[in-house]
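One-letter residues, chain by chain:
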Amino acid sequence: MKKILGVLSFCLGLGFVICIIIGFTTNISFGATKGSVSLYKFLTGLEYFLLYLPVISMTGFVISCSVHFGHNPEGSSSRFSKAMVGRYKVVMICSIIIVGVLTLSAEVFGVLVKQKKTSIVNQPKLINEYIKVGNNLYDNGYYERAMRYADAALKLDPNAREASDLMDRSDVEMNRVTTSNLRFKLYESVEEALRTDKVVIDAEQINEVYQYYLIAKEAFDKKEWFNAHYYAGIGIGLATPKDPNLEELKKISMTAWNNLTEYHNLAKTEDQMIFDKKYEGYLALVEKDDLKAYYIFRELYQSSREFQSDPDVIFYLKIAENRINERCFFIDETFELESFENVNDVYFSCGYKDGSKDIIYFKGMTTVKETGNSIQYLRDLTVTSIDPNGDLYRKMHVPYAKVLPVSVKTLTSTTKALMGIDDKINFIPYLMLKSVGRDKPNTELFPEYTYADGQIETSPEYMLLSISYDDFLMLENASSDPTAASLASLLKFVNNANKYGYSEEIYGQSLMNRIFYPLWLLVLFVLLASFSWNNRIGLNQYFKLSWILVIPAFLVFGAVFYRVAMFGFRLLNYAFLVSLGFLPGMTAGFIIYTVLLIVVSLYFLGRQSKI
């Protein structure tokens, strides 16, 4: 076995060196960064090596077995001798090692090399996009976000001068804001926004009516009428009719509101005009006109440095923003997405209990990595709805949509029944279809619904899909290219391919090709071992350098043999699936390839020599 692995390693090493040399002589047709040119050429050579690794392995295996069997032919004067059984064990151990390496090469190493090469190719474009987006954010006053994009560009290319300049400028502005006490920390939830108030709140206890009473009472005593009315209102909403704090909360709420109204109706001095603006924004919040409230407080916040440190403005601006984020998203969230899309051209169908279905298509998807895939943006989303009779019901289109996972527990039993949502599903995709301007009140993008009769509507502004969020992620990753999907995703997708409008045979064949690839290779290597035995070198012959001239011929033979073998392998898999179906076809494939392995093993064990 040592001799087989030794000669094989020599062949693989020689092939690796040749492929790397070819890779380094390849010209690069794109503007790579200085530090990535050598790496890209090395990866190109490595990609060549992995591409031809099966052929090189087969060629080296045949040569090494021919040498080994030729120098050790004794003990095989009869068929099925103990000597051949011993050789078979060696062949199987070596074959399993080689097959393991080839499988890892196909499933892991080859994918990683392609991804790394793609990232290097996209690196200059990505750096330019990071700088472009960062400058845009800087110009609009988002210095912290601009700094993050500059940092991302510098990680890709530490010598990028524009990124370094953007980093310095953003750092200066961040320091200026900090030293001017104008720091405005953005939070991700209403609970965190509550912490920006002057009153210290324990987030784990604010659901208790009594806690809200204490907060409202403290604000009332300080004559902070906005906060007193706001917290008293929350407490009233949570209280039961028998709650002992209810009457006190109502009293605080009413008195605070009367004080607000009284101050609002006074003659308008400059301070009272400012108060009037706050009152208008707060009144919009009370009336659930969150978008109006947001623009009022946003305008106040941007009007002067004084308001950028005003606790009322900061607090209620964040409350309004958090409420908006529950129903729609800001248009500027999509400005920086298209260049960073993870997948493109995804489509699938989604069926409902009454027989109707939606055909969903989007041109691109961008994942917010910081959220662990829980927030995504879809570009150019189109949803075509088909009624139970197979006729067009309506078509919806929107430039961008924001996707979030929503718990099925939040849905009513009626909604779940109408959508046909399985009880085993925990989360489903929630699509926000409306987007608004962050600073401009009249900037809004609505979904456009075109019905079969020509009528056009702009609502509803959201959509729920009747599939699990995990399936949604799977469809994004597996539906476009079955060969690029992971085996786990592909295995899960095959069972649902027909459900989402795909051919089970195509994805089933891809799965069979990848699952039975190692078993098929074992069949080929045992067959090649038999060929090596029949063409082993003489007992007294030794490896000569002149034989290297014969290796190219072996490589050509190996390439032809491998291509023909793989074509037959894929053809067999497709025949099994088409004629028998997925599970029976998989079973038949396993049985057939196992039988083939037994047959070629018996053929090898039946070899004999005259010695």
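Residues numbered from 1 in each chain as written. Predicted model: local features only at pLDDT ≥ 70, side-chain atom pairs only at ≥ 80, totals over all residues. Heavy atoms only, no water.

A. Quick peek at the overall build of the chain. If you tally the helices and strands in the chain, you get 19 helices and 11 strands. Within the chain, buried positions represent 47% of all 611 residues. At a minimum sequence separation of 6, the contacts of the chain that also span at least 24 residues come to 67%. Looking at the chain as shown, the accessible area adds up to about 32000 Å², and 57% of this sits on carbon and sulfur atoms. (Helix = DSSP H or I, 4+ residues; strand = E, 2+ residues; numbered from the N terminus. Buried < 20%, exposed > 50% of the residue type's maximum accessible area, 1.4 Å probe, protein only. Contact = heavy atoms within 4.5 Å. Areas by Shrake-Rupley, 256 points an atom, 1.4 Å probe, with all protein chains shown as cover.)

B. Just the pairing of strand β9 (residues 448-451), in detail. Of the two faces of β9, only the one carrying Y449 and Y451 is buried; E448 and T450 on the other face are not. Pairing between strand β5 (residues 392-407) and β9: 4 bridges, direction antiparallel. Within β9, the residue paired with H397 across the bridge is E448. Counted along the chain from β9 to the antiparallel partner strand β10 (residues 456-457), the turn is 4 residues long, and its residue G454 has a positive phi close to 95°. (Pairing = 2+ DSSP bridges.)

C. Quick look at the pairing of strand β3 (residues 357-367). In terms of strand pairing, strand β2 (residues 343-351) meets β3 through 8 bridges, oriented antiparallel. From the neighbouring strand, N344 faces β3, where its bridge partner is G364. By the bridge criterion, 10 bridges tie β3 to strand β4 (residues 376-386) in an arrangement that is antiparallel. Its bridge partner lying in β4, M365 is registered against L378.

D. Just a nonpolar patch on the surface, in detail. Taken together, the side chains of F10, L14, I18, I22, Y48, L51 and Y52 define a hydrophobic patch exposed on the protein surface, amounting to about 640 Å² of accessible area. For the nonpolar patch, the secondary structure elements donating two or more residues are α1 (2-24) and α2 (37-71). Looking at the nonpolar patch, the element that brings in the most residues is α1, giving 4 residues. Looking at where Y52 falls in the secondary structure, it is placed in helix α2. (Patch = residues over 30% accessible without salt bridge, like charges linked within 9 Å, V, L, I, M, F, W, Y side chains within 5 Å. Salt bridge = Lys/Arg side-chain N within 4 Å of Asp/Glu carboxyl O.)

E. How the structure looks around the pattern of salt bridges. Summed over all chains, the structure comprises 6 salt bridges. Taking the shortest distance from any N to any O, the salt bridge between E47 and K117 comes out at 2.7 Å. In this pair, E47 is assigned in helix α2 and K117 in helix α3 (residues 82-139), connecting sequence segments 70 residues apart. For E47, a relative accessible area of 24% gives the class partly exposed. Owing to a relative accessible area of 12%, K117 belongs among the buried residues under this scheme. With a closest N to O distance of 3.0 Å, D165 and R169 form a salt bridge. Taken together, the residues span about one helical turn, with D165 and R169 both in helix α5 (residues 161-179) at a distance of 4 residues. The exposure class of D165 is partly exposed, given its relative accessible area of 40%. Note on R169: relative accessible area 27%, which makes it partly exposed.

F. A look at the nonpolar core. In this structure, F348 and L381 are the most contacted members of the largest nonpolar core, which totals 105 residues. When residues of this core are assigned to their parent elements, the largest contribution, 13 residues, is made by α2. Among residues more than four places away in sequence, those in contact with L381 are I360, Y361, F362, M396, H397, V398, P399, A401, L431 and L433. V209, Y212, A293 and Y316 belong to the second largest nonpolar core, which has 39 residues in total. (Core = buried A, V, L, I, M, F, W, Y, C linked by side-chain atoms within 4.5 Å.)

G. How the structure looks around the packing of helix α8 (residues 225-238) against helix α12 (residues 311-325). For the pair α8 and α12, the least separation of the axes is 11 Å and the interaxial angle reads 35°. With respect to the hand of their crossing, α8 and α12 are arranged in left-handed fashion. Only D312, F315, Y316, I319 and R323 of α12 make contact with α8, whose side of the interface consists of F226, N227, Y230 and Y231. Considering only residue class, the contact of α8 with α12 consists of 6 nonpolar, 1 polar and 2 charged. (Axes fitted to C-alpha atoms, helices over the stretch in contact; angles between N-to-C directions. Left-handed = near helix turned anticlockwise from the far one by under 90°. Nonpolar A, V, L, I, M, F, W, Y, C, P; charged D, E, K, R; others polar.)

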